[in-house]
Amino acid sequence: MGKTIIIGSDHGGFNLKQACIAALKDWGFDVRDMGPDCTDSCDYPIFAAKVAEAVKADHDLLGVLICGTGQGMSMTANRMGVRAALCTDEFTARMARGHNDARILCMGERVVGQGLALGILKAFLETGFEGDRHRRRIDLIDTVAE
């Protein structure tokens, strides 16, 4: 994993996105913020697509998407062919990376508080993909989805 994180939100996730950006920078990451730059109402698929396209294009990148619930962001990124995981606790975040090689973390600002969100983010970033039997299962995702 590289040290650059791609991040985006909609208006419902903007404040948590700002907190995550500050933490990421404190932790030594470079952050590419794909927007938005304010809390004005906006459409989450636009920002989810920007993050998913960047992560899909560079396997060394990981992404973070935040909206009100995290659901819309997760659905959009997965539809674009990037494994995105909606996480509401640290265990799920670790498993999403370790077993599923998720490349985008999705969270809901209206679901998790800032303290928990930063713990989820840290767990996601500190966990590497375990490979082995998990690689075989991930490869099956595309096979069974066709």
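Structural data are supplied above this passage.
Residues numbered from 1 in each chain as written. Predicted model: local features only at pLDDT ≥ 70, side-chain atom pairs only at ≥ 80, totals over all residues. Heavy atoms only, no water.

1. Thoughts on the side chain of His-134
- Turning to its location among the elements, His-134 is positioned in helix α6 (residues 133–145).
- The class of His-134 is buried, set by a relative accessible area of 4%.
- With near-sequence residues (within four places) excluded, His-134 lies in contact with Gly-98, His-99 and Phe-129. (Helix = DSSP H or I, 4+ residues; strand = E, 2+ residues; numbered from the N terminus. Buried < 20%, exposed > 50% of the residue type's maximum accessible area, 1.4 Å probe, protein only. Contact = heavy atoms within 4.5 Å.)

2. Re unusual backbone geometry
- Of note, the amide linkage connecting Gly-35 to Pro-36 takes the cis form, showing an omega dihedral of 0°.
- Unusually for a residue other than glycine, Asp-101 sits at a positive phi of about 50°.
- Residue position: Asp-101 is located in the loop between α4 (90–98) and β5 (104–108).
- The backbone of Asp-132 sits at a positive phi, close to 55°, despite the residue not being glycine.
- Considering the arrangement of structural elements, one finds Asp-132 in the loop between α5 (114–126) and α6.

3. Brief notes about the environment of Glu-126
- For Glu-126, the location among the structural elements is in helix α5.
- Along the sequence, Glu-126 and Asn-15 sit 111 residues apart, while their C-alpha atoms lie 23 Å from each other.

4. Some details on helix α3 (residues 71–79)
- Within the span of α3, buried status applies to Gly-72, Met-73, Ser-74, Thr-76 and Ala-77.
- Elements in contact with the buried residues of α3: β1 (4–9), α2 (44–57), β3 (62–67), β4 (84–86) and β5.
- Backbone geometry just downstream of α3 places Gly-81 in the positive-phi region, at approximately 90°.

5. Quick look at the sheet that holds β3
- Strand order in this open sheet of five strands is β2-β1-β3-β5-β4, and the pairing throughout is parallel. This sheet does not close on itself; its edge strands, each paired only once, are β2 (30–33) and β4. The mean inter-strand angle of the sheet, taken between neighbouring strand axes irrespective of direction, is 25°.
- In this structure, β1 lies alongside β2, joined through four bridges in parallel fashion. (Pairing = 2+ DSSP bridges. Axes fitted to C-alpha atoms, helices over the stretch in contact; angles between N-to-C directions.)

6. A closer look at the pairing of β1
- Where burial is concerned, most of β1 is hidden: five out of the six residues are buried.
- Pairing of β1 with β3 involves five bridges; the strand directions are parallel. When the bridges of β3 are listed, Ile-7 appears paired with Val-64.

7. Brief notes about the layout of surface pockets
- Estimates place the volume of the largest pocket at around 180 Å³.
- What lines the largest pocket is a set of 10 residues, and nearest its centre among them are Gly-81, Val-82, Arg-83, Ile-141 and Asp-142.
- Broken down by element, the lining of the largest pocket gets its largest block of residues, six residues, from α6.
- Its residues assigned to classes, the lining of the largest pocket shows four nonpolar, two polar and four charged. (1 Å grid on protein atoms, 1.4 Å probe; cavity = no way out; pocket = protein on both sides within 12 Å on 5 of 7 lines; lining within 4 Å. Points joined across faces, edges and corners; volume = space filled by probe spheres on them. Nonpolar A, V, L, I, M, F, W, Y, C, P; charged D, E, K, R; others polar.)

Remember that the coordinates give geometry; whether it matters functionally is a separate question.
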